[in-house]
Amino acid sequence: RFLLQAGLRASYWSFNKELLLSPRASLRFTPDNHPNWMLRLATGLYYQAPFYKELRDTTTVDGVTYAKLNEKIKSQRSIHFIAAMDYRFKISNRPFKFTAEAYYKALGNIVPYSINNVKVVYYGTNEASGHIAGLDLKLFGEFVPGTDSWLTFSLMDTKMKLNGVSIPLPTDQRYAINFSFSDYFPGTTRWKMQLKLAYADGLPFNTPHRSLETGTFRAPAYKRIDIGMSYRALDNEKRANKSNPFKNIWIGVDCLNLLGISNVNSYYWVTDVTNHQYAVPNYLTGRQLNARVIFEF
């Protein structure tokens, strides 16, 4: 069984006189003799029109900064190639799903940018090309009956070529592992526990007031564990009480970042009198308690 979807998006921007045509198509295949398998292929040409900060070109002369809009700027371009598969199966009569997706994106007309703390500075011109390639794997299902859990594993490689030098894009997170597990207390469905773990590669950073190709460094890996407890205050799952609009009411307490790990969010740069720069890390929120109430209709 085949399902083909195709489309064409067109746009015109009077600012830079740019006419964009974006064709895309996807093909889905499900074998008749293996209905639990589904294969997908997709490709397309995508554009991202620049916004104000991307088309603003700034130059500094004798300590004075001049800004002008680049009327010759082009939209950033990406050609996508995606291959994916889904496999549905059961273990102990409980549903599971395994998904795998490989992708490659050829990038053109990139507008490079640098990050200084939380400030993003764009070059204002189309100066680079590059690629993004990766693999995503996900196992999703009911490890415990009536609860959803999943495990994901991702690999990614991103590079752009700027002035003949190949450097990672600021989004180059080379690996990531995420795990979420839910379980009920023995003998009851009113008390539920949820555990989440995340481990991911740190993002690249570069020193401010210097060109990107002069070198980058990478932040430490991101690590986090969350744990939560929930109590089902109302159990109307089977709609025994039809006058009650709620199916479930949950009251929960979560401990976010259980181990109090100091994850780096960005860097604050300090320059001394000899023009040496020092990176001082800015950290994300540490351990935190969160209370919640969930109403399910």
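Owing to the predicted nature of the structure, the values given are computational and were not obtained by experimental measurement.

Here is what the cut-offs are and how they apply
Residues numbered from 1 in each chain as written. Predicted model: local features only at pLDDT ≥ 70, side-chain atom pairs only at ≥ 80, totals over all residues. Heavy atoms only, no water. Helix = DSSP H or I, 4+ residues; strand = E, 2+ residues; numbered from the N terminus. Contact = heavy atoms within 4.5 Å. Pairing = 2+ DSSP bridges. Core = buried A, V, L, I, M, F, W, Y, C linked by side-chain atoms within 4.5 Å. Buried < 20%, exposed > 50% of the residue type's maximum accessible area, 1.4 Å probe, protein only. Patch = residues over 30% accessible without salt bridge, like charges linked within 9 Å, V, L, I, M, F, W, Y side chains within 5 Å. Areas by Shrake-Rupley, 256 points an atom, 1.4 Å probe, with all protein chains shown as cover. Salt bridge = Lys/Arg side-chain N within 4 Å of Asp/Glu carboxyl O. Phe/Tyr/Trp six-rings, centres within 6.5 Å; stacked < 30°, edge-to-face > 60°. Polar contact = N/O pair within 3.5 Å; in protein donor to acceptor, adjacent residues only side chain to side chain.

Details of the environment of I249
Link 1 in the chain: With respect to the element layout, I249 can be found in strand β18 (residues 248-256).
Link 2 in the chain: Those residues in contact with I249 that sit more than four places away from it in its chain are Y231, R232, A233, L234, V293, I294 and F295.

Notes on the pairing of strand β10 (residues 128-141)
Link 1 in the chain: Relative to β10, strand β7 (residues 94-110) runs antiparallel, the two being bridged by 13 bridges. Looking across to β10, one finds that A100 is bridged to L137.

Regarding the nonpolar core
Link 1 in the chain: Y103, L107, I110, A128, I132, M160, L162, I167, L169 and L212 form the largest nonpolar core, which has ten residues in total.
Link 2 in the chain: When contributions to this core are tallied by element, the ones reaching two or more residues are β7, β10 and β11 (149-162).
Link 3 in the chain: With three residues, β7 is the largest single contributor of residues to this core.
Link 4 in the chain: What A128 contacts, discounting residues up to four positions off in sequence, is G108, N109, I110, P112, M160, K161 and L162.

Looking at a nonpolar patch on the surface
Link 1 in the chain: Together, L135, L151, F153, L155, I177 and Y199 line one region of the surface with nonpolar side chains, adding up to about 460 Å² of accessible area.
Link 2 in the chain: With three residues, β11 is the single largest residue contributor to the nonpolar patch.
Link 3 in the chain: One can find L135 in strand β10.
Link 4 in the chain: Exposure remark for L135: the relative accessible area of 32% places this residue in the partly exposed category.

Brief notes about the packing of aromatic side chains
Link 1 in the chain: Evaluated as defined, the whole model comprises 19 aromatic pairs.
Link 2 in the chain: Seen from their ring centres, F179 and F181 are 6.3 Å apart, and the 10° between their planes marks the pair as stacked.
Link 3 in the chain: Taking relative accessible area as the criterion, F179 reaches 28% and is therefore assigned partly exposed.
Link 4 in the chain: A centroid spacing of 4.9 Å and a plane angle of 45° characterise the contact between W191 and Y231, whose relative ring orientation is tilted.

Regarding the side chain of R232
Link 1 in the chain: Its place among the elements puts R232 in strand β17 (residues 222-235).
Link 2 in the chain: A distance of 2.7 Å separates the side chain of R232 from the side chain of N248, its partner in a polar contact.
Link 3 in the chain: When residues no more than four places from it in sequence are discounted, the contact partners of R232 are Y184, T189, R190, E237, N248, I249 and W250.

Examining the side chain of H131
Link 1 in the chain: Structurally, the position occupied by H131 is in strand β10.
Link 2 in the chain: Among the polar contacts listed, one links the side chain of H131 to the side chain of D157, at a separation of 2.8 Å.
Link 3 in the chain: Dropping the residues within four chain positions of it, H131 is found in contact with Y104, K105, L107, D157, T158, K159 and L169.

Section: the pattern of salt bridges
Link 1 in the chain: All chains considered together, the criterion is met by eleven salt bridges.
Link 2 in the chain: For D201, the salt bridge goes to R174, with nearest N and O atoms at 2.6 Å. Taken together, the positions of D201 in the loop between β14 (191-200) and β15 (204-205) and R174 in the loop between β12 (165-167) and β13 (175-184) put the pair 27 residues apart, joining distant regions of the chain.
Link 3 in the chain: Given the relative accessible area of 4%, D201 is considered buried.
Link 4 in the chain: Ionic pairing is found between D254 and R292, a salt bridge with its closest N-O pair at 2.5 Å. Within this pair, whereas D254 is found in strand β18, its partner R292 is found in strand β21 (residues 288-296), the two being separated by 38 residues in sequence.

Structural notes on unusual backbone geometry
Link 1 in the chain: Phi at K17 takes a positive value of approximately 55°, unusual for a residue other than glycine.
Link 2 in the chain: Within the secondary structure, K17 is located in the loop between β1 (2-13) and β2 (18-29).
Link 3 in the chain: A positive phi angle, close to 55°, is found at N163, a residue other than glycine.
Link 4 in the chain: By secondary structure assignment, the location of N163 is in the loop between β11 and β12.

Describing the environment of D235
Link 1 in the chain: Positionally, D235 belongs in strand β17.
Link 2 in the chain: Its relative accessible area of 37% is what places D235 among the partly exposed residues.
Link 3 in the chain: Taking the C-alpha atoms as reference, D235 lies 64 Å from Y66; in sequence the two are 169 residues apart.
Link 4 in the chain: Setting aside chain neighbours within four positions, we find D235 in contact with T189, R190, K247 and N248.

Structural measurements only, silent on function.
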